[in-house]
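Each chain is listed here by its residues.
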Number of protein chains: 2
Amino acid sequence: MNPSQHQLVDSLRARFGAGIAETDPQMLAPWLADWRGRFQGATPAMLSPSSLEEVQAVLAQAGAFAVPLVPQGGNTSMVGGATPPADGSAVILSLRRMNRIRSISPEDSLAIAEAGVILADFHDAAGAIGRRFPLDLGSRGSATIGGLASTNAGGTQVLRWGTMRALVAGVEAVLPDGSVHDGLSALKKDNRGYDLNQLLIGAEGTLGVITAATLRLVPAVATRAVAWAAMESPDQALSLLRRIERQTDAVESFEIMPAEALASVLAHIPGTRAPVDAKHRWHVLIEAVATDAGDRAPEDLLADLLRQPLEAGLVGDAVVSASEAQAEAFWRIRHGISESERARGAAVQHDISAPVDAMPRFMREAGAAIEARFAGTQAVAYGHLGDGNVHFHVRAPVAADRGHWYASEAPAITRAVHDLVVQAGGSISAEHGIGQMKRDELERLGPASRVATLRAIKRALDPAVLLNPGKLVTLARRLDRS
Amino acid sequence: MNPSQHQLVDSLRARFGAGIAETDPQMLAPWLADWRGRFQGATPAMLSPSSLEEVQAVLAQAGAFAVPLVPQGGNTSMVGGATPPADGSAVILSLRRMNRIRSISPEDSLAIAEAGVILADFHDAAGAIGRRFPLDLGSRGSATIGGLASTNAGGTQVLRWGTMRALVAGVEAVLPDGSVHDGLSALKKDNRGYDLNQLLIGAEGTLGVITAATLRLVPAVATRAVAWAAMESPDQALSLLRRIERQTDAVESFEIMPAEALASVLAHIPGTRAPVDAKHRWHVLIEAVATDAGDRAPEDLLADLLRQPLEAGLVGDAVVSASEAQAEAFWRIRHGISESERARGAAVQHDISAPVDAMPRFMREAGAAIEARFAGTQAVAYGHLGDGNVHFHVRAPVAADRGHWYASEAPAITRAVHDLVVQAGGSISAEHGIGQMKRDELERLGPASRVATLRAIKRALDPAVLLNPGKLVTLARRLDRS
């Protein structure tokens, strides 16, 4: 611990008790590496305030002693966004003890949850009042409201309900100078200048520390059904989606995968079997829900929605789940892709998006372009077609040495994939953010005016680089150049 | 024209022809005062670029010659937001010649409209492809897409569709240094740092000049019906709204007015008559729509929605329009309030919001508080209850001298109303923005950390104060103080 860090820890302990700072290396260890184990950080201390006032004090004191802070929730970042720098210069600011649900009401369908509330717990709280928080993802048992808001998280229900940006109605945050941005009041109309709530959502903790959020709740799901439909191209899948969108808003998921990915799941995940003939080249999973006893039964709705496309030949084959167990079985295939891909061997993954209408062409052309340029690789794209967001995996050649391939080939492949994404008008980070993993790619692909603007905002609100140093945009780099 | 302005005009004319700059005082006159005639500005020139490249050149040259620019669309600001400073130091940058609809598609329900497209024309364009742009307001024949986006405009359909912030899927803007922010690609997922689109929406042209926007379209209205319901309190009106929201999403408007406002309309607007017995203390107008032949008939839906509340005594009396003419007649009452209030005499108006659940209490208590403090005044609140947004009028005492009252009493009343709004957790600008009219009140009520943050962002992106000087936040003032 350097002298400044010592001063910070001592001053906070003197005021709030020893428990506010954890310095035992064994206790710190789980919070130093990222979710996928790609980034290893170091820190002598983790600060765990349990109230807004304590967070204010942490920021004010950290500013006074010039100790950078790395805000952290469930530490489930996919891009090293919550991992402290490896040189030990920063301390972790954990929000996990700020975990109260301050209010939750079925009347106005709003809740105020503190940053440390875990997503799964919040799902339960919403369910307990007959409502639902419609954002879900694999890390629900660890991810926190603060982290989800700070990274504008997405998940599997974005098609109908949007990302966190659409679900957060208000934000409370502590700014780098220790002052509070109180934006929790869920005003439907508020035109008092720049929208600071929206600026903090997705800022990855680089502009302020989100301490609580007002969240929208939606009607609970009464029943659901899942359809599986097979076709020959992503273009046909998009046509099907557009037809469905014109007829209903009860569809909450529309997921696409190639036969290749389905085959991989069937081969590697025990107990899975193909819902329809696996000979078709592309497959989609469609979930529809009923939220009210008066709503149409989702299985009837899906059957109706698929009848004409089947007759017209747009869809080659389709089934609708007849039970919750069958619905689960269909989802198990979709959720099994990532595991089955890992079982197959080395691959490099990309979290990318494009305008929805441009995605089928991207899926057709980008895969072919990568395979042509990097001999022996195989590209597999699957995911949220309705959001214009796919996981784009590039598998290593069968004979490749894993370690060597990751070090020597993967970076060039990633740059090539990102170049294709930019050409398609898309984003090199659909869901995961920039963190440290994509920082150089953001810098490379900009465009330059965008990066300059991000940097100007960072410099304006956190000139001392107190918050999450080295993530998203760096200031030191700019100073070096100018 | 000062020498810098001369250089700017000459350089742009040399490059793009004489027509890019208007300097004839008669032609400039209509664009120098605001919509309500409260602010009178002056300028020697209005620049009217017709392409993105020309806007870039205007900003680059204006920066080079240090001539401030006042971006202007339809000049319909209610807060003097598009009026040039009175000292003639700035020139107007009119976006009205950038008025192409670059693309519009029923497939993905998106359109790209340039900043100068007039709202009414855009409504027509959406209608021509069987869709609808669900934002409407009184100035539809003048207001432009760029102005609507720059001020995060609302209107009468916010309840279901949200403000411009929810309807704008992408933004193209020229930044103060002449570089382009190209955010038109309507990505549903994009986590590459701070959301610059959202930052520019509602920024009142102080951070960049919006040149085009990608806009969401929704299904066209097939049929509509309007209900009129009477009750005894705003609390009952909110209970009714909450019941309705749980049962349908087909309701697009929920407007409230006191008996006092209804009586004023009946007395001053020819051809109006009370839909129900005017003895009830509060009245609401509810519009429901069907967008598809398969949807429930809106008149049946409204009748069903009101049956139980009538039986339970929540609603004292209610009728549902039996024809489009009757629906129009109900709306004429609502739209007549503003005119009838003007006919009654002097009043000071406020565009304010509060959390929806807090609004009934605000309506009850704030009116009484103002009337008690300012003897002889009468407070009337009406408008968009479902958005937590009402027009709050305070009428002058009957015997008051109009001019004297506006000068001596109105400012104190406005400050008192704003204090009550802040206490209720609300906003002193729900729809109209800050402009120059509310700038001092924003400064007064802050909170200070909010104003400091707005100012830091302004300074970061437009350090030379090239864009819309004197609006929203001032930089000179801060420099004076520090």
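Fair warning: this is a prediction, and the values are worked out from it, not measured in the lab.

Caption draft 1: Structural context of the relation of the copies chain B and chain A. Rotating chain B by 180 degrees and translating it 0.0 Å along the rotation axis places it on chain A, where the RMSD comes to 0.0 Å. Viewed as a symmetry operation, the transformation between the two copies matches a two-fold axis. The residues that chain B uses at the interface reappear at the interface of chain A in 100% of cases, marking a shared surface.

Caption draft 2: Broad picture of the environment of Leu200 of chain B. Residue and element names in this part refer to chain B. In this fold, Leu200 is placed in helix α8 (residues 196–200). Measuring from C-alpha to C-alpha, the distance between Leu200 and Glu255 comes to 30 Å, with 55 residues separating the pair along the chain. In contact with Leu200, not counting residues within four places along its chain, are Ser150, Val171, Ala173, His181, Leu207, Gly208 and Ile210.

Caption draft 3: Here's a closer look at the confidence of the model for chain A. Per-residue confidence for chain A averages 94 on the pLDDT scale, and 99% of its residues sit at or above 70. Across residues 477–482 of chain A, where pLDDT falls below 50, the model places seven contacts with residues more than four positions away in sequence or in other chains.

Caption draft 4: Broad picture of the pattern of salt bridges. Residue and element names in this part refer to chain B. Inspection of the entire model under this criterion finds 58 salt bridges over all chains. Residue Glu114 pairs with Arg102 through a salt bridge whose shortest N-O separation is 3.0 Å. Of the two residues, Glu114 is situated in strand β6 (residues 110–114) and Arg102 in strand β5 (residues 101–105); the sequence distance between them amounts to twelve residues. Where Glu443 meets Arg455, a salt bridge forms, and the shortest distance between an N and an O atom there is 3.0 Å. With Glu443 in helix α16 (residues 439–445) and Arg455 in helix α17 (residues 448–461), the pair connects residues that are twelve residues apart, well separated along the chain. According to the relative accessible area criterion, Arg455 is buried, its value standing at 4%.

Caption draft 5: Just unusual backbone geometry, in detail. With an omega of 5 degrees, the peptide bond running from Gly446 of chain A to Pro447 of chain A counts as cis. If you check the backbone angles, Leu472 of chain A has positive phi at about 65 degrees while not being a glycine. In this structure, Leu472 of chain A sits in the loop between α17 (448–461) and α18 (476–481). Phi is positive for Ser109 of chain B, which is not a glycine, with a value near 55 degrees. Along the chain, the position of Ser109 of chain B falls in the loop between β5 and β6.

Caption draft 6: Focus on the interface of chain B and chain A. Contacts between the two partners involve 68 residues from chain B and, on the opposite side, 68 residues from chain A. Roughly 5400 Å² is buried in total at the junction of chain B and chain A, and carbon and sulfur atoms are behind 53% of that figure. One can count eight salt bridges joining chain B with chain A. For Lys189 of chain A, the salt bridge goes to Glu431 of chain B, with nearest N and O atoms at 2.9 Å.

Caption draft 7: A look at the UniProt feature "domain: FAD-binding PCMH-type" (unreviewed entry) in chain A. In the numbering adopted here, UniProt assigns the feature "domain: FAD-binding PCMH-type" (unreviewed entry) to residues 39–220 of chain A. For residues 39–220 of chain A, the helix share is 24%, the strand share is 24%, and the end-to-end C-alpha distance is 38 Å.

Caption draft 8: Main features of the packing of helix α9 (residues 234–247) of chain A against helix α11 (residues 298–311) of chain A. Residue and element names in this part refer to chain A. Between α9 and α11, whose axes approach to 11 Å, the crossing angle comes to 140 degrees. Judged by the inter-axis angle, α9 sits oblique to α11. Taken as a pair, α9 and α11 cross one another with a handedness that is right-handed. Counting all contacts with α9, which are made through Leu240, Arg243, Ile244 and Gln247, the residues of α11 involved are Leu305, Leu306, Gln308 and Pro309. A per-class count over the contact of α9 with α11 returns five nonpolar, two polar and one charged.

Caption draft 9: Broad picture of the packing of aromatic side chains. All names here are of chain A. Enumeration according to the criterion identifies eight aromatic pairs over all chains in this entry. Aromatic side chains Phe122 and Phe133 sit 5.1 Å apart centroid to centroid with 75 degrees between the ring planes, which places their arrangement in the edge-to-face category. Within this pair, whereas Phe122 is found in helix α4 (residues 119–128), its partner Phe133 is found in the loop between β7 (131–132) and α5 (145–150), the two being separated by eleven residues in sequence. Take Phe122 and Phe133: they sit in the same class, and that class is buried. For Arg96, the ring lying beneath its charged end belongs to Trp31, and the centroid distance is 3.3 Å.

Caption draft 10: Structural view of the pairing of strand β10 (residues 209–216) of chain A. Residues and elements named next belong to chain A. Across the eight residues of β10, seven count as buried, placing the element largely inside the fold. Sheet topology note: the strand β6 (residues 110–114)/β10 ladder contains five bridges and is antiparallel. Looking at β10, one finds that Ala113 is bridged to Ala213. In terms of strand pairing, strand β8 (residues 168–174) meets β10 through six bridges, oriented antiparallel. Residue Val174 lies in a different strand from β10, and its bridge partner there is Val209.

Caption draft 11: Examining the domain arrangement of chain A more closely. Residue and element names in this part refer to chain A. With domains assigned, chain A is organised as domain 1 (3–94), domain 2 (101–219), domain 3 (223–343), domain 4 (345–423) and domain 5 (439–481). Domain 1 and domain 5 are separated by 22 Å when their C-alpha centres are compared. Taken together, the contacts link 13 residues of domain 1 with six residues of domain 5. For the pair domain 1 and domain 5, the summed buried surface comes to about 650 Å²; carbon and sulfur atoms form 66% of the total. For the domain 1 face of the interface with domain 5, the top three residues by lost area are Leu59, Pro68 and Leu69, together amounting to 42%. Summed over the shared surface of domain 1 and domain 5, the result is zero salt bridges.

Caption draft 12: Broad picture of the side chain of Gln157 of chain A. All names here are of chain A. Secondary-structure assignment places Gln157 in the loop between α5 and α6 (158–161). Exposure remark for Gln157: the relative accessible area of 14% places this residue in the buried category. With residues up to four places along the chain from it excluded, the contact list for Gln157 reads Arg132, Pro134, Leu135, Asp136, Gly162 and Glu252.

Caption draft 13: View of the sheet that holds β10 of chain A. Residues and elements named next belong to chain A. Taking strand neighbours across the sheet as the criterion, the five strands line up as β5-β6-β10-β8-β9 in an open arrangement whose pairing is antiparallel. Two strands in the sheet have a free side with no partner beyond their single neighbour: β5 (101–105) and β9 (180–183). Going across the sheet, the axis of each strand differs from the next one's by a mean of 15 degrees, ignoring polarity. Contacts from α4 reach β5, β6 and β10 within the one sheet, and its direction differs from that of β5 by about 35 degrees.

Caption draft 14: Main features of α17 of chain B. With 14 residues, α17 of chain B should cover 20 Å at 1.5 Å per step; its first-to-last C-alpha distance of 20 Å lies within 8% of that length. Residues of α17 of chain B that are buried include every one of Arg450, Val451, Thr453, Leu454, Arg455, Ala456, Ile457, Lys458 and Leu461 of chain B, and no others.

Caption draft 15: Geometry of the sheet that holds strand β18 (residues 389–395) of chain B. All names here are of chain B. Taken in spatial order, the seven strands make up an open sheet running β15-β12-β14-β13-β17-β18-β16, and their pairing is antiparallel. Lying at the two open borders of the sheet, with one neighbouring strand each, are β15 (317–320) and β16 (347–353). Mean inter-strand twist for the sheet, computed between neighbouring axes without regard to direction, equals 15 degrees. The sheet contact formed by β16 and β18 spans seven bridges and is antiparallel. Bridging across to β18, Gln349 finds its partner in His393.

Caption draft 16: Here's a closer look at the packing of helix α10 (residues 259–268) of chain A against helix α12 (residues 324–344) of chain A. Residues and elements named next belong to chain A. At a closest axis distance of 8 Å, the pairing of α10 and α12 adopts a crossing angle of 80 degrees. One way to sum up the angle between α10 and α12 is to call them roughly perpendicular. Two secondary-structure elements touch here, α10 through Glu260, Ala261, Leu262, Ser264, Val265 and His268 and α12 through Ile333, Gly336, Ile337, Ser340, Glu341, Ala343 and Arg344. Residues that form the contact of α10 with α12 fall into these classes: six nonpolar, four polar and three charged.

Conventions adopted
- Residues numbered from 1 in each chain as written.
- Chains lettered and ligands numbered in written order.
- Predicted model: local features only at pLDDT ≥ 70, side-chain atom pairs only at ≥ 80, totals over all residues.
- Heavy atoms only, no water.
- Least-squares fit on C-alpha atoms with pLDDT ≥ 70 in both.
- Contact = heavy atoms within 4.5 Å.
- Helix = DSSP H or I, 4+ residues; strand = E, 2+ residues; numbered from the N terminus.
- pLDDT = per-residue confidence, 0-100.
- Salt bridge = Lys/Arg side-chain N within 4 Å of Asp/Glu carboxyl O.
- Buried < 20%, exposed > 50% of the residue type's maximum accessible area, 1.4 Å probe, protein only.
- Buried area = accessible area lost by both parts, 1.4 Å probe.
- UniProt positions renumbered as here; feature names shortened; annotations may be inferred.
- Axes fitted to C-alpha atoms, helices over the stretch in contact; angles between N-to-C directions.
- Parallel < 35°, antiparallel > 145°, perpendicular 65-115°, else oblique.
- Left-handed = near helix turned anticlockwise from the far one by under 90°.
- Nonpolar A, V, L, I, M, F, W, Y, C, P; charged D, E, K, R; others polar.
- Phe/Tyr/Trp six-rings, centres within 6.5 Å; stacked < 30°, edge-to-face > 60°.
- Lys NZ or Arg CZ within 6 Å of the ring centre and 35° of its normal.
- Pairing = 2+ DSSP bridges.
- Domains from an automatic or database assignment.
- Expected span 1.5 Å × (residues − 1).

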